[in-house]
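Descriptive analysis of the structure
Here is what each chain is made of, one letter per residue.
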Amino acid sequence: MPLYDLIIRNGTVVTSEAILEADIAIAGESIAAIEHEIEGTGSEEIDASGLHIFPGVIDAHLHFNEPGRADWEGFATGTSALAAGGTTLYFDMPLNAHPPTVDAAAFDLKLAAATASSIVDFGLWGGLVPGNIDQMAELAERGVVGFKAFMSNSGIDDFDAVDDLALYDGMARAAELGSLVAVHAESDTLTSLLARRAIAEGKTGVRDYLQSRPVVAELEAIERAILFAAETGCALHIVHVSTGRGVALVAEAYAHGINVSCETCAHYLALTEDDVERLGAVAKCAPPLRAQHEQDALWLQIHDGTLQMVTSDHSPAPASMKTGDDFFKIWGGISGCQSLLSVLLTDGHAQRKLALTTIARIMSDYAAHRFKLPPTKGRIAPDADADLVLVDLSESYTLQANDLLYRHKQSPYTGKTFQGKIVQTLLRGRTVYANGNVVTMSNGKLVRPGREA
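Presented here is a report on the structure given in the accompanying data block. Just so it is clear, the structure is predicted and the values come from calculations on it, not from any experiment.

1. Section: the overall build of the protein chain
When its secondary structure is counted, the protein chain shows 13 helices and 19 strands. What you see for the protein chain is a C-alpha radius of gyration of 21 Å, in line with the 22 Å of a compact globule of 453 residues. Its C-alpha atoms give the protein chain principal-axis dimensions of about 75 × 45 × 40 Å. For the protein chain, the proportion of its 453 residues judged to be buried stands at 62%.

Put into structure tokens, the structure is as follows:
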């Protein structure tokens with residue numbers, strides 16, 4: 001009889017294609033077999049009766065700020081929160097850390113910090129900023145996920161927004177390197193001038209901020225980025241799209257043969273602009289939360305398969321930066337990576353009948369495909385890494401501040417009741433979180449994406 005390192009028995013396995021009652025056998029770091037009743041024994045066995053087993057979540061967009069700003073959030077606290085939320089692989093953005101990841105030396109510093117403290121696997125974005133085109137090749141060689149650029153002010157002094165020429169040249173260089181470019185798509189001209197006018201008129205409240213970043217600023221920038229991608233042949237990814245119309249622009253371009261994709265974030269699916277007024281600074285982000293009809297459009301696009309990826313855009317900061325009377329001066333970032341899967345299970349599956357297979361696709365499978373990850377990532381299948389999350393869909397809980405594993409225990413989801421409790425998270429066959437506790441120290445490894453053809 002076969003002897004495995006671990007057998008998970010009696011669970012309901014959820015993939016992007018099917019739901020099946022099955023056991024999962026794990027040998028070393030990999031899935032060895034998935035069968036209705038696996039013969040053999042395991043050195044360890046888990047009874048998953050009543051639990052659903054999903055592929056570990058891939059969060060392709062977050063900010064852990066280390067090195068240099070670990071007082072905002074570091075890899076140890078940030079990845080503990082990820083493990084508690086069912087995430088086994090994340091991509092850390094190049095800004096907010098100091099120095100930002102815009103050259104090889106900065107990449108090496110961040111890699112060392114992540115390797116030392118991350119308890120789940122990780123990829124690292126490189127930055128595209130004015131003046132670093134000559135450094136893009138060395139970043140690509142080190143294995144960055146792609147290159148992140150801001151089409152509006154980043155809010156970070158040492159990570160400048162790109163003008164049109166820098167973006168166009170950067171996309172052309174990325175295409176030569178077989179790399180992808182991700183953009184924060186908001187028109188800097190519109191957003192900066194609207195903000196300047198509001199501030200000059202003494203209009204610095206919540207609604208004034210929201211009105212300074214209108215939907216049209218997002219749509220214009222998306223169209224411009226798509227045009228540049230088409231001209232340069234660069235693979236393009238639009239981050240945190242907040243409107244159905246933005247997603248539709250991406251889908252139309254893709255249908256016409258342009259290599260473009262997009263994501264939305266959990267907060268656009270769970271919260272609206274009315275929540276910003278209710279919650280205040282903890283719900284400030286850019287692009288801002290939108291009206292209810294914009295949220296409804298995003299959910300429809302998830303249901304029909306137009307919108308295929310959801311991330312957290314976890315962007316924490318100390319409490320001192322999330323307070324004040326002038327809403328324009330407050331840090332614009334939402335802490336949410338621990339609740340990413342929970343939002344999809346609650347606002348998606350429980351409230352809107354979103355298929356569990358769809359959740360597996362938008363939380364894991366699609367990101368692995370889009371970013372050309374090794375075939376061991378993003379799926380439950382023989383020979384894949386045993387990155388798994390066990391969920392009790394029958395159990396509900398109300399998130400409390402003390403439940404948060406972030407460095408700063410603040411989130412717009414505090415007080416929200418979630419349906420579906422994450423019971424256990426495994427990374428490459430090793431339990432990293434179980435029953436409310438992180439149970440391992442650093443175990444994360446760098447995951448390098450493939451290159452575009």
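2. A short note on the sheet that holds strand β8 (residues 121–124)
Spatial ordering of the open sheet is given by β6-β7-β8, a layout of three strands whose pairing is parallel. In this open sheet, the two edge strands, each paired with only one partner strand, are β6 (57–62) and β8. Strand-to-strand twist across the sheet, computed as the mean angle between neighbouring axes with direction ignored, equals 20°. Sheet analysis places β6 next to strand β7 (residues 87–92), joined by four bridges and oriented parallel. Residue pairing across strands places V57 opposite T87, the latter belonging to β7. Relative to the sheet, helix α1 (residues 75–84) contacts β6 and β7, its axis offset from that of β7 by approximately 135°.

3. Considerations on helix α7 (residues 215–232)
Taking 1.5 Å per residue, 18 residues should reach 26 Å; α7 reaches 26 Å between its end C-alpha atoms and fits that length. Looking at α7, one finds that the buried residues are V215, A217, E218, L219, A221, I222, R224, A225, I226, F228, A229 and T232. Backbone geometry just downstream of α7 places G233 in the positive-phi region, at approximately 75°.

4. Comments concerning the sheet that holds strand β9 (residues 126–127)
In spatial order, the strands read β9-β10-β11-β12-β13; together these five strands make up an open sheet with parallel pairing. Where the open sheet ends on each side, the last strands, each with one partner, are β9 and β13 (260–262). Note that β9 and strand β10 (residues 147–150) share two bridges and pair parallel. Bridging from a neighbouring strand, G127 pairs with K148 of β10.

5. Description of the packing of aromatic side chains
For the structure shown, the criterion picks out 13 aromatic pairs. Measuring from centroid to centroid gives 5.4 Å for F91 and F371, while their planes differ by 90°, and the two rings are edge-to-face. Here F91 is found in strand β7, whereas its partner F371 is found in the loop between α13 (356–370) and β16 (388–398), with 280 residues between them in sequence. Note on accessibility: F91 and F371 belong to one class, buried. These aromatic residues form a ring-pair network of at least three members: F64, F75, Y90 and F122. Positioned over the ring face of W72 is R69, at 5.5 Å from the centre of the ring. Lying over the aromatic face of F327, K284 brings its terminal NZ or CZ to 5.6 Å of the ring centre.

6. Remarks on unusual backbone geometry
A cis amide bond links E66 with the next residue in sequence, P67, at an omega value of 5°. Tracing the chain through its elements places P67 in the loop between β6 and α1. Residue H98 is joined to P99 through a cis peptide bond whose omega torsion reads 5°. By the element assignment, P99 lies in the loop between β7 and α2 (104–117). At H240, a residue that is not glycine, the phi angle is positive and equals roughly 30°. Note that H240 resides in the loop between β12 (235–238) and α8 (244–255). On the basis of relative accessible area, H240 is assigned to the buried category, the value being 2%. A positive phi is found at D313, a non-glycine position, where the angle reads about 45°.

7. So, the packing of α7 against α8
Running from N to C, α7 and α8 point in directions that differ by 15°, and their axes come no closer than 9 Å. The orientation of α7 with respect to α8, classified from their angle, is roughly parallel. For α7 against α8, the interelement crossing comes out right-handed. Of the residues in α8, those touching α7 at V215, L219, I222, E223 and I226 are R245, G246, L249, V250 and A253. Here the contact of α7 with α8 is composed, by residue class, of seven nonpolar, one polar and two charged.

8. A look at the pattern of salt bridges
For the structure on display, the rule yields 22 salt bridges. Of the charged contacts, one joins K377 and D385 as a salt bridge, the two residues approaching to 3.0 Å between their closest N and O atoms. Here the residues in one salt-bridge network are E29, D121, K377, D385, D387, R428 and K445, joined through shared partners.

Quick notes on the rules
Residues numbered from 1 in each chain as written. Predicted model: local features only at pLDDT ≥ 70, side-chain atom pairs only at ≥ 80, totals over all residues. Heavy atoms only, no water. Helix = DSSP H or I, 4+ residues; strand = E, 2+ residues; numbered from the N terminus. Rg over C-alpha atoms; globule rule 2.2 N^0.38 Å. Buried < 20%, exposed > 50% of the residue type's maximum accessible area, 1.4 Å probe, protein only. Pairing = 2+ DSSP bridges. Axes fitted to C-alpha atoms, helices over the stretch in contact; angles between N-to-C directions. Contact = heavy atoms within 4.5 Å. Expected span 1.5 Å × (residues − 1). Phe/Tyr/Trp six-rings, centres within 6.5 Å; stacked < 30°, edge-to-face > 60°. Lys NZ or Arg CZ within 6 Å of the ring centre and 35° of its normal. Parallel < 35°, antiparallel > 145°, perpendicular 65-115°, else oblique. Left-handed = near helix turned anticlockwise from the far one by under 90°. Nonpolar A, V, L, I, M, F, W, Y, C, P; charged D, E, K, R; others polar. Salt bridge = Lys/Arg side-chain N within 4 Å of Asp/Glu carboxyl O.

Everything listed is a geometric property; what it means functionally is a separate question.
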